[in-house]
Amino acid sequence: MTDTQIQRQSGAPGFGADLSPGARAPAAYAADAVPSRGRVHAERECTTRSPFQRDRDRILHSTAFRRLTHKTQVFLFHEGDHYRTRLTHSLEVAQIARTVARQLRLDEDLAEAIALAHDLGHTPFGHAGERALDAAMADFGGFDHNAQSLRVVTALERKYAQFDGLNLTWEALEGLAKHNGPVEHASAVRKVVRQVEAWRGLDLNSWPSAEAQVAALADDIAYVSHDIDDGLRAHLITIDDLAGQPLSGPAVAHLRTGGQVDAGRITYELTRRLITVMIADLVTETRARLATLAPQGPDAIRASAEPVVGFSPALADDIANLKRFLFARVYRHEKVMRAMRGAELIVAELFARYMSDPAAMGEDWHAVSQRLEGRRRARLIADFVAGMTDRYAMEAHRELFDATPVLR
């Protein structure tokens, strides 16, 4: 066996730095370095795909994933064809997660699966819908989109003859539950995963796999960059505004020295350069952390006292500053807030109407609701509302109420 082969098998020096662009060499700390811990419902393995490829494909073919086409990211679907939706956001997160995972010698398929599934539980109208549904469910356990994503993949998708949900691997479920880090005891996620925990514990107090950590930070990279793109497109911010930000300023200055370039090209060049800078920093910093930890298997990542995947302190500060800028200038812009106030009203009124008149949900959902009471009926109605797309929610509201807010 050559030195290179030994190095790749052991996950020793380089931690991906020795790979040529596009090359693959999974490390000993990658999720697929050990057999999967299985699925809640035992199934024969696929003859053409790994367990994590199978997870990814089940997510892609789910009804909840298709609905993301018409669910808000920041701007409502009818405001323009070029704004991101939850679907395009999820695809961008998955692409970034695969890129980072390959450079860190991780299992790309698991990172991609977690990235694709992380927003399956989002309500119509994005975080505005989530706020409204959480308030409406205050007496019934509240609402959290991360917990709802787990409900989708463990119960609400109903396609398979042998089980409800998608029957994802333990590793994919762990990643969805813990991609933001150890789960607090009061978190809604703990309540949702009780059935999974009864089968096999998810070690909710520990860090998740490196693949899940990659998916979480790929989410940050994607939304920071594409929300700049969408904010510029909506004329809520300008290139001059971004020139004053530590993270985007150098890229703006470099673009302006290149001569006359139209605004659309400048926007694209800016966002792609930001993505490149953030990915490069994430990979470099994480390789250094891996070198310090020297994990001999995926469980060493979980047992670490700190996250293994992360940005350098300097870039983390720059990203935090850029997020604060976007929060003030885009997410809290009066144009956006006006539409979101109307969206919150739609969600709140739909929930209240279905609580008082479950038959308004339609025959199938009404029939199920009749077998439930109190908290369980409220949760069913929350599932119904959360599954709506933006346009379906608006159409349902128009059918049930005399006036529906104009969302623009």
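Conventions and cut-offs
- Residues numbered from 1 in each chain as written.
- Predicted model: local features only at pLDDT ≥ 70, side-chain atom pairs only at ≥ 80, totals over all residues.
- Heavy atoms only, no water.
- Phe/Tyr/Trp six-rings, centres within 6.5 Å; stacked < 30°, edge-to-face > 60°.
- Helix = DSSP H or I, 4+ residues; strand = E, 2+ residues; numbered from the N terminus.
- Buried < 20%, exposed > 50% of the residue type's maximum accessible area, 1.4 Å probe, protein only.
- Salt bridge = Lys/Arg side-chain N within 4 Å of Asp/Glu carboxyl O.
- Axes fitted to C-alpha atoms, helices over the stretch in contact; angles between N-to-C directions.
- Parallel < 35°, antiparallel > 145°, perpendicular 65-115°, else oblique.
- Left-handed = near helix turned anticlockwise from the far one by under 90°.
- Contact = heavy atoms within 4.5 Å.
- Core = buried A, V, L, I, M, F, W, Y, C linked by side-chain atoms within 4.5 Å.
- Lys, Arg positive; Asp, Glu negative; His and termini not counted.

So, the packing of aromatic side chains
Okay, so step 1: The final tally for this structure, using the stated rule, is three aromatic pairs.
Okay, so step 2: Ring centres of Tyr-354 and Phe-384 lie 5.3 Å apart, and the angle between their planes is 80°; this geometry places the pair in the edge-to-face category. You can see Tyr-354 sitting in helix H17 (residues 334–356) and its partner Phe-384 sitting in helix H19 (residues 374–386), a full 30 residues away along the chain.
Okay, so step 3: You can call Tyr-354 buried: its relative accessible area is 2%.

Concerning the pattern of salt bridges
Pairs can form between side chains of opposite charge once their charged atoms are near each other.
Okay, so step 1: Taken as a whole and assessed by the stated rule, the structure comprises 32 salt bridges.
Okay, so step 2: A salt bridge links Arg-54 to Glu-43, with the nearest nitrogen and oxygen atoms 3.6 Å apart. With Arg-54 in helix H2 (residues 51–60) and Glu-43 in the loop between helix H1 (3–10) and H2, the pair connects residues that are eleven residues apart, well separated along the chain.
Okay, so step 3: With relative accessibility at 26%, the residue Glu-43 sits in the partly exposed group.

A word on the packing of helix H5 (residues 108–117) against helix H8 (residues 170–178)
Okay, so step 1: Contact geometry for H5 and H8: axes closest at 9 Å, N-to-C directions at 50°. Relative to H8, H5 is oriented oblique. The hand of the H5/H8 crossing is right-handed. For the pair formed by H5 and H8, the contact residues are Leu-110, Ile-114 and Ala-117 on the first element and Glu-171, Ala-172, Gly-175 and Leu-176 on the second.

As for the nonpolar core
Okay, so step 1: In terms of nonpolar packing, the biggest core is built from 88 residues, with Ile-59, Leu-120, Leu-242, Leu-270 and Met-278 touching the most fellow members.
Okay, so step 2: Among the elements that make up this core, the one with the highest residue count is helix H11 (residues 210–233) (eleven residues).
Okay, so step 3: Look past the residues within four positions of Ile-59 in its chain and what remains in contact with it is Phe-65, Ala-113, Leu-116, Ala-117, Leu-120, Leu-166 and Leu-168.
Okay, so step 4: In terms of nonpolar packing, the next biggest core, distinct from the first, is built from 24 residues, Phe-351, Tyr-354, Ile-381 and Leu-407 among them.

Focus: the side chain of Glu-171
Okay, so step 1: Position of Glu-171 among the secondary structure elements: in helix H8.
Okay, so step 2: The buried charged residue Glu-171 lacks any salt bridge, with Arg-37 as its nearest oppositely charged partner at 4.8 Å.
Okay, so step 3: Once you skip the residues sitting within four places of it in the chain, Glu-171 turns out to touch Pro-35, Ser-36, Arg-37, Phe-52, Leu-110, Ile-114 and Arg-302.

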